[in-house]
Amino acid sequence: MDKIQNAANYVSDSVKGATNTASKEANKEVAKDNNASVGTRASAAKDAVGDKVDEKKYNTSADVNKEAAKH
C-alpha cells in the first residue's frame, strides 16, 4: 500500500514542481520587462524566487517518493 501512496505522491509532487517551474519562468520574464513598472518588476522577481524555492522543494520530494515507490 505504501508503494501506491509513494507513487501517487511522486506524481503529485512532480506536477507541483512543473507548475512552479512555469510560474518562475513567467515571473522572470515580467521582471525583465522594461515596459513594466518598477514595482511590478520587483514583485515578479520576488515571486520568481519563491517559485524557485517551491520548485526545488517539490522536485526533491518527488525524487524521494520515486525512490520509495521502487522499494
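Look above for the structure.
Figured I'd write up the structure that's included with this text. Bear in mind the structure is a predicted one, so any value in this text is a computation, not a measurement. The residue numbering used here restarts from 1 in each chain and proceeds along that chain's sequence as written. A pLDDT threshold of at least 70 governs which residues receive local features in this predicted model, and a stricter bar of 80 or more applies before side-chain atom pairs are shown or counted, although totals over entire chains, interfaces and linings include all residues. Hydrogens and waters are ignored; side-chain quantities use all the structure's heavy atoms.

1. A closer look at the pattern of salt bridges
Note on definitions: salt bridges are taken to be side-chain nitrogens of Lys or Arg within 4 Å of carboxyl oxygens of Asp or Glu. By the definition in use, this model includes 8 salt bridges. For Asp47, the salt bridge identified is with Lys46, shortest N-O distance 3.2 Å. Classification of residues uses two cut-offs on accessible area relative to the type maximum, computed with a 1.4 Å probe and protein chains only: under 20% is buried, over 50% is exposed, and between them is partly exposed. Using a relative accessible area of 31% as the deciding quantity, one classes Asp47 as partly exposed. Note that Glu55 is salt-bridged to Lys52, the shortest N-O span being 3.6 Å. Pair noted here: Glu55 and Lys52 are both in helix α2 (residues 38-70), with a separation of 3 residues, about one helical turn. Numbering of helices and strands runs from the N terminus, with a helix taken as a DSSP run of H or I at least four residues long and a strand as a DSSP run of E at least two residues long.

2. A few points about helix α1 (residues 2-32)
Multiplying 1.5 Å by the helix residue count minus one yields the expected span of that helix. In this model α1 runs 44 Å from its N-terminal to its C-terminal C-alpha over 31 residues, within 8% of the 45 Å that 1.5 Å per residue would give. Every buried residue of α1 is listed here: Asn6, Asp13, Gly17, Asn20, Lys24 and Asn27. Among the structural elements, α2 are those in contact with the buried residues of α1. Contacts are assigned to residue pairs that have any heavy atoms within 4.5 Å of one another.

3. Structural notes on the environment of Ala44
Note that Ala44 resides in helix α2. Between the C-alpha atom of Ala44 and that of Ala18, which follows or precedes it by 26 residues, the distance is 18 Å. Leaving out residues up to four positions away in the same chain, Ala44 has contacts with Asn27, Val30 and Ala31.

4. Structural notes on the packing of aromatic side chains
Planes of paired rings set the category: under 30 degrees apart is stacked, over 60 is edge-to-face and the rest tilted, where pairs are Phe, Tyr or Trp rings (Trp by its six-membered ring) whose centres lie within 6.5 Å. Here the structure, examined in full by the defined rule, presents 0 aromatic pairs. Here the basic side chain of Lys57 rests over the ring of Tyr58, its NZ or CZ set 4.7 Å away from the ring centre. As a reminder, the over-ring test applies to NZ of lysine and CZ of arginine, requiring each to be within 6 Å of the ring centre and within 35 degrees of the ring normal.

The quantities given are spatial measurements derived from coordinates; they are silent on function.
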